[in-house]
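# Residue-level structural notes
In case you want the letters, here they are:
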Amino acid sequence: MEDLAGTDGIAVKVNLSKEKIEKINQVCNAYHNDPGELINVLHETQHEFGYLPAEVQDVIAHNLHLSVAHVYGVVTFYSFFSMIPKGEHPVSICTGTACYVRGAEMVLEEFKKELHVKVGETTPDGRFSINCLRCVGACGLAPVVLVGEKVYGRVSPDGVKAILEEYRK
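Residues numbered from 1 in each chain as written. Predicted model: local features only at pLDDT ≥ 70, side-chain atom pairs only at ≥ 80, totals over all residues. Heavy atoms only, no water.

### Comments concerning a nonpolar patch on the surface
Cut-off, in case you're wondering: Residues forming no salt bridge and having over 30% relative accessible area are the ones grouped into patches, like charges within 9 Å of each other and nonpolar side chains (Val, Leu, Ile, Met, Phe, Trp, Tyr) within 5 Å. Here the open area of atoms and residues is found with the Shrake-Rupley method and a 1.4 Å probe, where only the protein chains shown may cover a residue. Whenever a carboxyl oxygen of Asp or Glu lies within 4 Å of a side-chain nitrogen of Lys or Arg, that contact is scored as a salt bridge. In DSSP terms, a helix is any run of H or I states spanning at least four residues, a strand is any run of E spanning at least two, and both are numbered starting from the N terminus.
A contiguous nonpolar surface patch, about 320 Å² in accessible area, is contributed by Ile-39, Phe-77 and Tyr-78. Relative to the assigned elements, Tyr-78 resides in the loop between α4 (68-77) and β3 (89-94).

Right under this line is the structure:
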């Protein structure tokens, strides 16, 4: 547990290492601790840590002089942000209209069956997590699956095992 003191002179206790606090401070400083840059700060911080636990949100709120409730509200409003750790290989299935009409629900069911987890969960070994997205803007390739940032188009339930095998090696 570390003490965190801001420019306002208020000290708070945070259950993060000095290194993590320093990294968050660097991200916030890159945006001049501007409260209007909250979403950019959250994006970059999530990219760095993989998710945004409460302790990380506390440091961001402190640096940007925002209430923790405000930061939490933004994190929980946007589906891109996550408060739970994602797997090493996050699997995102598009469930937007085009993908849904072309069978995304069956593809999602196959991923859940193969990985033995529900949407929003991570496999016990930490390798995979499953999430749904509304639209990735690749409707011509529907149904679309992302593993990390790699896009797979025209995925069928039969293709799920092959996709997972690429990442199980």
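Read on for the rest.
### Regarding the sheet that holds strand β4 (residues 128-133)
Cut-off, in case you're wondering: Pairing between strands is defined by DSSP: at least two bridges between them are needed. Each axis is a line fitted through C-alpha atoms, and for a helix only the stretch in contact is used; angles between axes span 0 to 180 degrees, taken between their N-to-C directions. In what follows, a contact means two residues having at least one pair of non-hydrogen atoms within 4.5 Å.
Spatially, the four strands line up as an open sheet ordered β4-β3-β5-β6, and their pairing is mixed. Lying at the two open borders of the sheet, with one neighbouring strand each, are β4 and β6 (150-152). Within this sheet the neighbouring strands show an average axis-to-axis angle of 20 degrees, counted without direction. In this structure, strand β5 (residues 145-147) lies alongside β6, joined through three bridges in antiparallel fashion. Counterpart to Val-145 in the pairing with β6 is Tyr-152. Contacting β3, β4 and β5, helix α6 (residues 104-115) runs over the sheet at an angle of about 165 degrees to β4.

### Comments concerning the side chain of Gln-57
The cut-off we apply is this: Between buried and exposed lies partly exposed: a residue is buried under 20% and exposed over 50% of the maximum accessible area for its type, with that area taken using a 1.4 Å probe on protein chains only.
Tracing the sequence through the fold places Gln-57 in helix α3 (residues 54-64). Taking the relative accessible area as the measure of exposure, Gln-57 reaches 2% and is therefore buried. Apart from the residues within four sequence positions on either side, Gln-57 is in contact with Leu-52, Val-71, Tyr-72, Val-75 and Met-83.

Fair warning: the whole summary comes from geometry, so function is off the table for now.
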